[in-house]
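Results of the structural survey
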Amino acid sequence: MTDSQLFSMTGFARSEGALSGLSWIWEIKSVNGKGLDLRCRLPGGFEALEQRLRQAAQKRLQRGSLQVSLNLDRSAAEQSFRVNRPVLDRYLAAAQDLIAAGAAAPTADGLLALRGVLEVSDADEELDPEARDAALLVSFEAALSALLEARQAEGKRLASLLTERLEDLTKLVAEAQGCAEAQPAGLRARLERQVAELLEAAPALPAERLAQEAALLAVKADVREEIERLEAHIATARDLIGQGQGIGRKLDFLCQELNREANTLCSKAQDIRLTEIGLAMKSCIDQLREQVQNVE
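Report follows, based on the coordinates. (Residues numbered from 1 in each chain as written. Predicted model: local features only at pLDDT ≥ 70, side-chain atom pairs only at ≥ 80, totals over all residues. Heavy atoms only, no water.)

**Some details on the overall build of the protein**
Rule in force here: The way it works is that DSSP assigns letters per residue, a run of H or I at least four long becomes a helix, a run of E at least two long becomes a strand, and they are numbered from the N terminus. The contact criterion used is simple: two residues touch if any of their non-hydrogen atoms lie within 4.5 Å. All accessible-area figures derive from a Shrake-Rupley calculation using a 1.4 Å probe, and residue coverage is judged against the displayed protein chains alone.
Scanning the protein from N- to C-terminus turns up eight helices and six strands. When the helices and strands of the protein are listed from N to C terminus, the series reads β-β-β-α-β-β-α-α-β-α-α-α-α-α. Taking all contacts inside the protein whose residues are at least 6 apart in sequence as the whole, residues at least 24 apart take part in 82%. On the protein, roughly 16,800 Å² of surface is accessible, and the fraction owed to carbon and sulfur atoms is 52%.

**Some details on the nonpolar core**
Across soluble globular proteins, you tend to see nonpolar side chains buried next to one another. The condition that has to hold: In plain words, nonpolar cores are sets of buried Ala, Val, Leu, Ile, Met, Phe, Trp, Tyr and Cys residues tied together by side-chain atoms within 4.5 Å. Only protein chains enter the accessibility calculation, which uses a 1.4 Å probe. A residue is then buried if its area is under 20% of the maximum for its type, exposed if over 50%, and partly exposed in between.
By size, the foremost hydrophobic cluster in this structure holds 34 residues, and its most contacted members are Leu162, Leu251, Leu265 and Met281. Every element with two or more residues in this core is listed here: helix H4 (129-201), helix H6 (224-243), helix H7 (248-268) and helix H8 (272-292). The element best represented in this core is H4, accounting for ten residues. Residues contacting Leu265, with those up to four places away along its chain left out, are Ala176, Val223, Glu226, Ile227, Leu230, Leu274, Gly278 and Met281. In this structure, Leu42, Phe46, Val68 and Leu144 belong to the second largest nonpolar core, which totals 24 residues.

**A few points about the environment of Arg273**
Along the chain, Arg273 falls in helix H8. Between the C-alpha atoms of Arg273 and Glu175, which are 98 residues apart in sequence, the distance is 9.5 Å.

**Remarks on the pattern of salt bridges**
Here is the rule we go by: Salt bridges are counted wherever a side-chain nitrogen of Lys or Arg sits within 4 Å of a carboxyl oxygen of Asp or Glu.
Taken as a whole and assessed by the stated rule, the structure comprises 18 salt bridges. A salt bridge links Arg39 to Asp37; the shortest N-O distance between them is 3.3 Å. Salt bridges linked by common partners bring Glu225, Glu226, Arg229, Glu261 and Lys268 together as one network.

**Description of the packing of H6 against H7**
A pair of packed helices can be characterised by two numbers: the angle between their axes and the separation between those axes. For the record, the criterion: Between N-to-C directions, angles cover 0 to 180 degrees, with each direction set by a line fitted to C-alpha atoms, over the stretch in contact for helices. Orientation labels follow simple angle bins: below 35 degrees gives roughly parallel, above 145 gives roughly antiparallel, 65 to 115 gives roughly perpendicular, and whatever is left gives oblique. Crossing handedness is read from the near helix: turned anticlockwise from the far helix by less than a right angle, it gives a left-handed crossing, and turned clockwise, a right-handed one. Each residue is assigned to one class: nonpolar for Ala, Val, Leu, Ile, Met, Phe, Trp, Tyr, Cys and Pro, charged for Asp, Glu, Lys and Arg, and polar for all the others, Gly among them.
The N-to-C vectors of H6 and H7 enclose an angle of 160 degrees; their axes lie 10 Å apart at closest approach. Relative to H7, the element H6 lies roughly antiparallel. Between H6 and H7 lies a crossing whose hand is left-handed. Together, Glu226, Ile227, Arg229, Leu230, His233, Ile234, Thr236, Ala237, Leu240 and Ile241 of H6 and Lys250, Leu251, Leu254, Glu257, Leu258, Glu261, Ala262, Thr264, Leu265 and Lys268 of H7 make up the contact between the two elements. Tallied by class, residues from the contact of H6 with H7 come to eleven nonpolar, three polar and six charged.

**Thoughts on the sheet that holds strand E3 (residues 36-41)**
Strand pairing within a sheet occurs via backbone hydrogen bonds; the two strands may be parallel or antiparallel. Convention followed: Only when DSSP finds a minimum of two bridges between them are two strands counted as paired.
In space, the four strands of this open sheet follow the order E1-E2-E4-E3, with mixed pairing throughout. Looking at the sheet topology across the chains shown, the edges are occupied by strand E1 (11-19) and E3. For this sheet, the mean angle separating the axes of adjacent strands, direction not counted, is 15 degrees. One ladder, built from nine bridges, connects strand E2 (residues 22-31) with strand E4 (residues 64-73); its direction is antiparallel. Its bridge partner lying in E4, Glu27 is registered against Ser69. Together, E2 and E3 form the strand contacts of helix H1 (residues 50-60), whose direction differs from that of E3 by roughly 145 degrees.

**Focus: the pairing of E1**
Of the pairings in the sheet, the one linking E1 to E2 comprises nine bridges and is antiparallel in character. Each residue of the ladder has a partner; that of Ala13, found in E2, is Ile28. The antiparallel pairing of E1 with E2 creates a hairpin that spans two residues between the two strands, and Ser20 there sits at a positive phi of about 50 degrees.

**Brief notes about the environment of Gly244**
Position of Gly244 among the secondary structure elements: in the loop between H6 and H7. Take Gly244: its relative accessible area is 1%, and that puts it in the buried class.

**Structural notes on the packing of H7 against H8**
Put simply, H7 and H8 touch, their axes get as near as 9 Å, and they point 165 degrees apart. One way to sum up the angle between H7 and H8 is to call them roughly antiparallel. Of the two possible hands of crossing, H7 and H8 adopt the one that is left-handed. Along its contact with H7, which presents Gly248, Leu251, Asp252, Cys255, Gln256, Leu258, Asn259, Ala262, Asn263, Leu265 and Cys266, the element H8 presents Leu274, Thr275, Gly278, Leu279, Met281, Lys282, Ile285, Leu288, Arg289 and Val292. Among the residues forming the contact of H7 with H8, the class breakdown is twelve nonpolar, six polar and three charged.

**Some points on H1**
Stated precisely, the cut-off is as follows: To obtain the arc, one takes the directions from the helix axis to the C-beta atoms.
Listed as buried for H1 are Leu53, Ala56 and Ala57. On an axial view of H1, the arc spanned by its buried residues comes to 95 degrees, and they lie on one face. Seen from the open side of H1, the exposed residues pointing more than 90 degrees away from its buried face are Gln58 and Lys59.

Shown next, in the form of structure tokens:
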């Protein structure tokens, strides 16, 4: 399964970008989920990006719960200054009355020092919002690509673990097959002892009735169908792992079916060894299903 394109839903990625003195970092954390769920933590004024982030994620991911965060850094942005003319004009109008009363005319540096006259703005505030958002989205796509690589790397590990569990389960099914083949002989011997005891206790009991009961018990103890279905489900699971992406739900359903067959096998088991094998199967299937929960 080393060539499997299986994807996990677990991963982490980050990407960096910059434009005109504004720099940023995208971070994406992904864990397992029933569907695709995207939760964004964006700075104020960037909320409009969320819908476009969702659309980008939906094109490349099928399942997973994603935490997306955008961190901005304006420290490298050049600052620019501008004079607020309406505020300055009000100060000048007030100064005229003072000058007429004999006060000295205000100096330029004195006027610029007055509250509200001189405004400071960062260079990124002058950026075209469309250009800024386009650059941010390019960087987000890079983070998504990194996340896919991380989820694929984890998927390779998952494929190996799933294959190991399926191999363990295959061995248990083979053991169950051996027990099932030996079970009729053991069941026949036990029935013969029980029949002998019944005939001693009730000699008038019809032999035909005893034969019918024996046949019924044999049918109830037959686990060949369960073993065949277990083998078929294991083969299907192997095929799915080979297919790769987008198989998580199908594998989860197969785990339910495998568990159903193991339960039936345990209920039909007529000897302790077959019961032990059935319980070992259930434990192996539980381990399998635990890993399947992380498959996309």
